[in-house]
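Observations on the three-dimensional arrangement
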Amino acid sequence: MIKENIEKVRRRIEKVCEKIKVPAAKVTILAVTKGRQPLEIQECAKAGINLFGENRVQEALSKYPQIDGGRWQLVGHLQTNKVKPALRIFDLIHSVDSLRLAEEIDRQADKLGKIQDILLEVKTSLEPAKYGFAPQELEAAVAGVMKFKNLNLKGLMTVAPVVGDPQQARPFFRQLKNLRDQFDPGWLLSMGMSDDFEVAIEEGADIIRLGRIIFEKNV
Ligand SMILES: *Cc1c(COP(=O)(O)O)cnc(C)c1O
């Protein structure tokens, strides 16, 4: 099932990319593996996706040694007391949502002699439970992060609100792209999930984060 799901998703990505005239290879699929068993993750790797996203450091720590050749990225909120183990496994942290967290990542990365790739999470919608910088806070956040020599800021990430029709997610993706274009057109955009990845690609997504559509039936 996972293999078939991935084939279907790839076809859908190709179709959107054809429509907007960008190469399908521009879009990176991050398989979000929270709650999935090592066997499912291995099946995903066998089907050609070995880039995995986790929400929790603890869960990732227990799973990553069981998967050969995987690369891991963090997409969920990171607590400062989990930064140290997080730096050992994640090659990109999508969810940097405060300067305090950025500072701690910089501090721990310095100890490890690592330059940590990060994205800044942006709150493009007003749902109160969301993490991330408000758009108007971004300029100060970017300036702050630039001062940390062990951080490599690679772009922006957002989680769009859950909506009935994927078209309704478009304004949130567009806002992220506009912000990116204001700061650095070379930055990556991490946006789009199982229900709205096609709209996200149309709005310029570089990394789409897919969970259910890869691992579940009939999403
Ligand atoms: C779970 C999760 C995803 C994947 O969501 P699906 O709807 O299962 O594709 C993507 N990004 C984040 C931050 C997540 O927590």
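What this report covers is the structure whose coordinates are included nearby. The shown structure was predicted, so the numbers you read here are calculated from the model rather than taken from an experiment.

It is worth spelling out the side chain of Asn5 at this point. Assignment of secondary structure puts Asn5 in helix α1 (residues 2–20). Using a relative accessible area of 9% as the deciding quantity, one classes Asn5 as buried. Polar side-chain contacts of Asn5 include one of 2.9 Å to the backbone oxygen of Ile214. Excluding residues that lie within four positions of it along the chain, Asn5 makes contacts with Ile213, Ile214, Phe215 and Glu216.

What follows concerns the pattern of salt bridges. Overall, the coordinates contain 17 salt bridges when judged by the stated rule. Across the pair Glu203 and Arg170 runs a salt bridge, and its minimum N-O distance is 2.7 Å. In this pair, Glu203 sits in the loop between α8 (197–202) and β8 (207–210) while Arg170 sits in helix α7 (residues 170–183), placing the two residues 33 residues apart along the sequence. A single burial state applies to Glu203 and to Arg170, both of which are buried. Its salt-bridge partner being Asp181, residue Lys177 comes within 2.8 Å of it at the nearest N-O pair. Highlighted residues: Lys177 and Asp181, both in helix α7, separated by 4 residues, approximately one helical turn. Among the residues examined, Lys177 registers a relative accessible area of 25% and is labelled partly exposed. Connected through shared salt-bridge partners, Lys19, Arg170, Arg174, Glu202 and Glu203 make up one network.

With respect to the helices, strands and loops of the structure, Lys111 is situated in helix α5 (residues 99–112). Lys111 sits 98 residues away from Arg209 along the chain, and the two C-alpha atoms are 30 Å apart.

A word on the layout of surface pockets. Regions of empty space are outlined by a rolling probe, equal in size to a water molecule, passed over the atoms. Space inside the largest pocket adds up to approximately 640 Å³. If you trace the largest pocket, you find 27 residues lining it, with Lys34, Val159, Ala160, Met193 and Arg209 closest to the centre. Its residues placed into classes, the lining of the largest pocket shows 11 nonpolar, 7 polar and 9 charged. In this model, the second largest pocket occupies a volume close to 210 Å³. When residues of the lining of the second largest pocket are traced back to their parent elements, those giving at least two are α1 and β1 (28–32). Element by element, the count of residues in the lining of the second largest pocket is highest for α1, at 3 residues. Of the residues contributing to the lining of the second largest pocket, the split by class is 7 nonpolar, 3 polar and 3 charged.

A separate point is the pairing of strand β3 (residues 71–74). Pairing of strand β2 (residues 51–54) with β3 involves 4 bridges; the strand directions are parallel. When the sheet's bridge partners are listed, Glu54 is paired in β3 with Leu74. As paired elements, β3 and strand β4 (residues 90–96) share 3 bridges and run parallel to each other. Paired with Leu74 across the two strands is Ile93, which belongs to β4. A crossover links β3 with its parallel partner β4, the connecting element being helix α4 (residues 83–89), and its sense is right-handed.

Turning to the pairing of strand β6 (residues 151–157), a few remarks are in order. Across the 7 residues that make up β6, a large majority, 5, are buried. Of the strand pairs in this sheet, strand β5 (residues 116–121) and β6 are connected by 6 bridges, and their pairing is parallel. Paired with Gln116 across the strands is Leu151, a residue of β6. When β6 meets strand β7 (residues 188–190), the two strands line up parallel, connected through 3 bridges. Looking at the pairing, Leu156 lines up with Leu189 of β7. In terms of handedness, the path from β6 via α7 over to β7 forms a crossover that is right-handed.

Turning our attention to unusual backbone geometry. Despite not being glycine, Lys21 shows a phi value in the positive range, around 60°. Secondary-structure assignment places Lys21 in the loop between α1 and β1. Even without glycine at this site, Asn218 takes up a positive phi of about 50°. Following the sequence through the fold, Asn218 ends up in the segment after α9 (212–215). On the basis of relative accessible area, Asn218 is assigned to the exposed category, the value being 72%.

Procedures and definitions
- Residues numbered from 1 in each chain as written.
- Predicted model: local features only at pLDDT ≥ 70, side-chain atom pairs only at ≥ 80, totals over all residues.
- Heavy atoms only, no water.
- Helix = DSSP H or I, 4+ residues; strand = E, 2+ residues; numbered from the N terminus.
- Buried < 20%, exposed > 50% of the residue type's maximum accessible area, 1.4 Å probe, protein only.
- Polar contact = N/O pair within 3.5 Å; in protein donor to acceptor, adjacent residues only side chain to side chain.
- Contact = heavy atoms within 4.5 Å.
- Salt bridge = Lys/Arg side-chain N within 4 Å of Asp/Glu carboxyl O.
- 1 Å grid on protein atoms, 1.4 Å probe; cavity = no way out; pocket = protein on both sides within 12 Å on 5 of 7 lines; lining within 4 Å.
- Points joined across faces, edges and corners; volume = space filled by probe spheres on them.
- Nonpolar A, V, L, I, M, F, W, Y, C, P; charged D, E, K, R; others polar.
- Pairing = 2+ DSSP bridges.
- Right-handed = clockwise from strand over helix to strand, strands pointing away.

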